[in-house]
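# Commentary on secondary and tertiary structure
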Amino acid sequence: MNIPKLQIHSTRALLGLNIQKPVQQIEQPQATLDIQQPKAIQTMQTTKPKLSIDTEQARADIDLKSVRRRMEEFAADGHQGVLEGIGRRAEQGGELMRIENGGNPIKSQAHSSGRQPYSGLGIQFVPSYGSVKISFEPGSVDIRVEPQQVINNSRANKPIHNYTPGKVTGEMIQYATLDIDWLL
């Protein structure tokens, strides 16, 4: 017995996509720089230090005296010597006037005049301590700095942006089919 058969044959639909990719271009130009830094205003005010060194006494201690000072000392020594000589002669004259009181004033005067007085060993430090006089007045420095503001005229440049959008288009590559047949 022959039974009819139903035969179904189908094909599916195929959809094709055409894709055009989007194009994006971004370019960032460098910033325009215009920066200026003016110099700071600086003022300085100084007071000079003063140093004075007086070596007159130290020079005198090592016998390097000025002519004026030497003459003053010679005059003072001469004046003192004259006064001592006058006093000594007056004393000796008074002793000789009183010869009747006894004793031998001539012998004692000859003895004291003829003998040189004993001089000891004197260690002396030359120049003497404190003979150099130093005075110092320190100076000063006053520095003033006035900073100046930065002049900034820089600007950022906007990015250059080009964009082409993409496209997607569809197309049917194959349509769906359905075949139905009867087979006997």
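Preceding block: the structure.
I will try to describe carefully the structure that is included in this document. (Residues numbered from 1 in each chain as written. Predicted model: local features only at pLDDT ≥ 70, side-chain atom pairs only at ≥ 80, totals over all residues. Heavy atoms only, no water.)

### Overview of the overall build of the protein chain
Note the threshold: Numbering of helices and strands runs from the N terminus, with a helix taken as a DSSP run of H or I at least four residues long and a strand as a DSSP run of E at least two residues long. A radius of gyration in this sense is built from C-alpha atoms; the matching globule rule multiplies 2.2 Å by the number of residues raised to 0.38. Burial here depends on accessible area, computed with a 1.4 Å probe over protein chains only, as a share of the maximum for the residue type. Under 20% is buried, over 50% is exposed, and the range in between is partly exposed. In this tally, Lys and Arg are treated as positive and Asp and Glu as negative; His is ignored, and so are the chain termini. Lys charges are placed at NZ, Arg charges at CZ, Asp charges at CG and Glu charges at CD.
Looking only at helices and strands, the protein chain features 3 helices and 12 strands. Against the globule reference of 16 Å for 184 residues, the protein chain gives a C-alpha radius of gyration of 64 Å, more extended than a compact globule. Referenced to the eigenvectors of the C-alpha coordinate spread, the extents of the protein chain come out at roughly 210 × 45 × 20 Å. When the 184 residues of the protein chain are sorted by exposure, 5% land in the buried category. Side chains of the protein chain give 21 positive and 19 negative charges; the mean places of these two sets differ by 3 Å.

### Let's talk about the pattern of salt bridges
Using the following cut-off: By salt bridge we mean one thing: a side-chain nitrogen of Lys or Arg within 4 Å of a carboxyl oxygen of Asp or Glu.
As enumerated under the stated definition, the model contains 5 salt bridges in all. Linking Arg 68 and Glu 72 is a salt bridge whose minimum nitrogen-to-oxygen distance equals 3.0 Å. On the criterion of helical spacing, the pair formed by Arg 68 and Glu 72 is a turn pair, its members being 4 residues apart in helix α2 (residues 67-97). For Glu 72, a relative accessible area of 47% translates into the label partly exposed. Residue Glu 73 pairs with Arg 69 through a salt bridge whose shortest N-O separation is 3.5 Å. Highlighted residues: Glu 73 and Arg 69, both in helix α2, separated by 4 residues, approximately one helical turn. For Glu 73, a relative accessible area of 27% puts it in the partly exposed group. One network of salt bridges, in which partners are shared, links Glu 56, Lys 65, Arg 69 and Glu 73.

### Focus: a nonpolar patch on the surface
Put simply, the test is: For patch detection, residues must exceed 30% relative accessible area and be free of salt bridges, and they are connected within 9 Å for like charges or within 5 Å for nonpolar side chains (Val, Leu, Ile, Met, Phe, Trp, Tyr). Note on areas: Shrake-Rupley with a 1.4 Å probe; residue coverage comes only from the protein chains shown.
Together, Leu 15, Leu 17, Ile 19, Val 168, Met 172 and Tyr 175 make up an exposed nonpolar region whose accessible area comes to about 680 Å². Those elements that place two or more of their residues in the nonpolar patch are β2 (14-20) and β11 (167-174). It is β2 that contributes the most residues to the nonpolar patch, 3 residues altogether. With respect to the helices, strands and loops of the structure, Val 168 is situated in strand β11. Under the relative-accessibility criterion, Val 168 is labelled exposed at 58%.

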